[in-house]
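Read off the chains here:
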Amino acid sequence: MSKKRIVIFFIIYFLFAISVNLVHPITVKYVNSLNLPDAYFGFLFSLMSLGQVVGAMFFGFLSDKIGRKWLIVIGLIGYCLSQLGFGFLNENSFIILIFRFLAGVSIAAPTTLFVSMCLDFSDKEQKVKLLTILSSCYILGTSFGYEIGGFLYDYLNFKIPSIFIFQIIFTFITALLFAIFIKDIKKNQEAVLKSNNKENSIKNIKPIVYFLLFNLMVLTISQILINKYLDTYIIHIGYNPSTLGHYVFISGIVSAISNILLIPFIKKIKNKMLSICLLSFILLSSILTILTFTSKQENILYFLFSTHIIYIVLKGLITPLEQNELSLYSNQSNNGKVTGIRQTILSIGNVLGPLIGSACYTKGSPIIFFIAASINLLSFLLYIIYFILKRNHQA
């Protein structure tokens, strides 16, 4: 893929990140407007993640055989239709659940295959750099998505259905741009043969990879508890959607800029040092979470704009590092399979996290964040075990 098309690819991924986050600032208010219990928010997110569990493996494996481009387009259009149902066919709670599940299945295609395509056009030297740029684009897009969604609701007085319509149109335009400007990466014949070879099936993935993926699932549970319940917590302690939007926007900008500035240094770090960086960032993120939520509610914004922003920067750096670690076990013939399995594991974590949150979260209580920090510390210990096993395996 030419440099020009790689730039366009990252711009479209940025737009994709905006589109899927536009309604997040008003989701809590929307669920409350349906007179559903508080626990339902976590349950709805878990069901969407369950859809991603199904979709990620399917699209990942299929894309290795038929290509990634049109599956991404199909996924984006399917997400538009699912959001249409979720936002407007809300008279029956069972129907709402169905559309949440379908949204998860659909969004699994772009979420999984954007990463696969990035790996397809990355060589060994550029892999960490391009994965960091991809992560930064998503963080930046998330920031703009929250800011725009909160701004539409609080300042332009958009009603919730209007924000859903805006999101659907925006996502459809993103799909159209992707279909027009992005071409599939052509695999060489050897890679095509390998993708159909039984040696590249899921049964032949090394056991240590499954342990690495389990570690990722534990880490994801911690991150999703903090990410999703921070939205709910901020609204429940009296702040409005625009405040949430401003916070996510500013923290995301800081995180994305930090990631971009750190790319030249990350490129020069050897694999052994990357492992140490990953462990250090996970440990520090646990400590920062505890520091942030031991503060009083009236002081929470001060800590969110200091210690928690550092946590978000670290989280943004953890993503390309764990992606790079997993990519050591993949190649062009099975990138779709491996990223599909990774996205499935992320989705399982995204199912389990909100289910834990639904059981543990109470309005205005920060206990859920201490639970998340404890799970994060567990993932730190598991990654230490993984790196020891990896060293012994290579010896």
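Residues numbered from 1 in each chain as written. Predicted model: local features only at pLDDT ≥ 70, side-chain atom pairs only at ≥ 80, totals over all residues. Heavy atoms only, no water.

### Observations regarding the overall build of the protein chain
Right, on to step 1. A tally of helices and strands in the protein chain yields 15 helices and zero strands.
Right, on to step 2. Against the globule reference of 21 Å for 395 residues, the protein chain gives a C-alpha radius of gyration of 20 Å, in line with a compact fold.
Right, on to step 3. C-alpha atoms of the protein chain, sized along the principal axes, occupy 55 × 40 × 35 Å.
Right, on to step 4. When contacts within the protein chain are restricted to residue pairs at least 6 apart in sequence, those whose partners lie at least 24 apart make up 87%. (Helix = DSSP H or I, 4+ residues; strand = E, 2+ residues; numbered from the N terminus. Rg over C-alpha atoms; globule rule 2.2 N^0.38 Å. Contact = heavy atoms within 4.5 Å.)

### So, the packing of helix 1 (residues 3-21) against helix 6 (residues 127-154)
Right, on to step 1. Across the interface, helix 1 lies against helix 6 with an axial gap of 7 Å and an inter-helix angle of 35°. Crossing hand, helix 1 versus helix 6: right-handed. Within the contact between the two elements, helix 1 uses Phe9, Phe10, Tyr13, Phe14, Phe16, Ala17, Ile18, Val20 and Asn21 and helix 6 uses Leu130, Ile133, Leu134, Cys137, Tyr138, Leu140, Gly141, Thr142, Phe144, Gly145, Tyr146 and Ile148.
Right, on to step 2. Residue composition of the contact of helix 1 with helix 6, grouped by class: 17 nonpolar, four polar and no charged. (Axes fitted to C-alpha atoms, helices over the stretch in contact; angles between N-to-C directions. Left-handed = near helix turned anticlockwise from the far one by under 90°. Nonpolar A, V, L, I, M, F, W, Y, C, P; charged D, E, K, R; others polar.)

### What about unusual backbone geometry?
Right, on to step 1. Of note in the backbone geometry, Asn157 takes a positive phi value of approximately 55° without being a glycine.
Right, on to step 2. Secondary-structure assignment places Asn157 in the loop between helix 6 and helix 7 (160-181).

### Quick look at the nonpolar core
Right, on to step 1. Phe369 and Tyr383 are the most contacted members of the largest nonpolar core, which totals 53 residues.
Right, on to step 2. Beyond its immediate stretch of four places on either side in the chain, Phe369 contacts Leu225, Ile226, Tyr229, Leu230, Tyr233, Thr289 and Phe293.
Right, on to step 3. Counting residues in each nonpolar core, the second largest holds 39 residues, with Ile6, Phe16, Tyr79 and Cys118 among its members. (Core = buried A, V, L, I, M, F, W, Y, C linked by side-chain atoms within 4.5 Å. Buried < 20%, exposed > 50% of the residue type's maximum accessible area, 1.4 Å probe, protein only.)

### What to know about the confidence of the model for the protein chain
Right, on to step 1. On average, residues of the protein chain carry a pLDDT of 86, and 91% of them reach 70 or more.
Right, on to step 2. This stretch, residues 198-202, has a pLDDT under 50; its non-local contacts, to residues over four places away or in other chains, come to 11 contacts. (pLDDT = per-residue confidence, 0-100.)

### Notes on the pattern of salt bridges
Side-chain pairs of opposite charge can arise where the charged atoms are in close proximity.
Right, on to step 1. Per the stated rule, a full pass over the model turns up five salt bridges.
Right, on to step 2. Note that Lys337 is salt-bridged to Asp64, the shortest N-O span being 3.7 Å. Residue Lys337 is found in helix 14 (residues 335-360), and its partner Asp64 is found in helix 3 (residues 39-66); the two are separated by 273 residues along the sequence. The pair formed by Lys337 and Asp64 is uniform in burial state, with each residue classed as buried.
Right, on to step 3. Because the salt bridges share partners, they merge into one network encompassing Asp64, Arg68, Asp120 and Lys337. (Salt bridge = Lys/Arg side-chain N within 4 Å of Asp/Glu carboxyl O.)

### Section: the packing of helix 6 against helix 7
Packed helices, taken two at a time, are described by their axes: the angle between them and the distance between them.
Right, on to step 1. Taken N-terminus to C-terminus, the directions of helix 6 and helix 7 make an angle of 145°; their axes are 10 Å apart at the nearest point. Considering how the two elements wind past one another, helix 6 and helix 7 form a crossing that is right-handed. Within the contact between the two elements, helix 6 uses Ile148, Gly149, Leu152 and Tyr153 and helix 7 uses Ile160, Ile163 and Phe166.
Right, on to step 2. When grouped by side-chain class, the residues that make up the contact of helix 6 with helix 7 number six nonpolar, one polar and no charged.

### Notes on helix 13 (residues 307-327)
Right, on to step 1. Relative to the 30 Å expected for 21 residues at 1.5 Å per residue, helix 13 spans 31 Å between its end C-alpha atoms, a close match to the ideal helical length.
Right, on to step 2. By the criterion of burial, helix 13 is predominantly enclosed, with 18 of the 21 residues buried. (Expected span 1.5 Å × (residues − 1).)

### Remarks on the environment of Gly245
Right, on to step 1. If you trace the backbone, Gly245 turns up in helix 10 (residues 241-268).
Right, on to step 2. Each C-alpha atom, one on Gly245 and one on His24, is 9.0 Å from the other, the two residues being 221 residues apart in sequence.
Right, on to step 3. The contact partners of Gly245, leaving out residues within four places of it in the chain, are Tyr146 and Glu147.

### Some points on helix 14
Right, on to step 1. Helix length check: helix 14 (26 residues) gives 37 Å between terminal C-alpha atoms against 38 Å at 1.5 Å per residue, within 8%.
Right, on to step 2. With 19 of its 26 residues buried, helix 14 lies for the most part within the structure.

### Digging into the packing of aromatic side chains
Right, on to step 1. One pass over the structure, following the stated rule, counts 24 aromatic pairs.
Right, on to step 2. Three or more aromatic residues joined by ring pairs make a cluster, and in this case those are Phe9, Phe10, Tyr13, Phe16, Phe114, Phe121, Tyr138 and Phe178.
Right, on to step 3. The lysine or arginine in question, Lys337, covers the ring of Phe61, its NZ or CZ lying 5.8 Å from the ring centre. (Phe/Tyr/Trp six-rings, centres within 6.5 Å; stacked < 30°, edge-to-face > 60°. Lys NZ or Arg CZ within 6 Å of the ring centre and 35° of its normal.)

### Side note on the side chain of Ser136
Right, on to step 1. Following the sequence through the fold, Ser136 ends up in helix 6.
Right, on to step 2. Not counting the four nearest positions on each side in its chain, Ser136 is found in contact with Ala256, Asn259 and Ile260.

### Thoughts on the environment of Ile6
Right, on to step 1. Here Ile6 shows up in helix 1.
Right, on to step 2. C-alpha of Ile6 to C-alpha of Ser49: the two residues are 43 residues apart in sequence and 29 Å apart in space.
Right, on to step 3. Excluding its chain neighbours within four sequence positions, the residues that come into contact with Ile6 are Met1 and Phe121.

### Points about the environment of Ile96
Right, on to step 1. By the element assignment, Ile96 lies in helix 5 (residues 93-120).
Right, on to step 2. On the basis of relative accessible area, Ile96 is assigned to the buried category, the value being 2%.
Right, on to step 3. For the pair Ile96 and Leu44, spaced 52 residues apart in sequence, the C-alpha separation works out to 8.5 Å.

### Concerning the state of the cysteines
Right, on to step 1. In total, this model carries zero disulfides according to the counting rule given.
Right, on to step 2. Left without a disulfide partner, Cys118 is nearest to the cysteine sulfur of Cys137, which lies 9.3 Å away. (Disulfide = S-S within 2.5 Å.)

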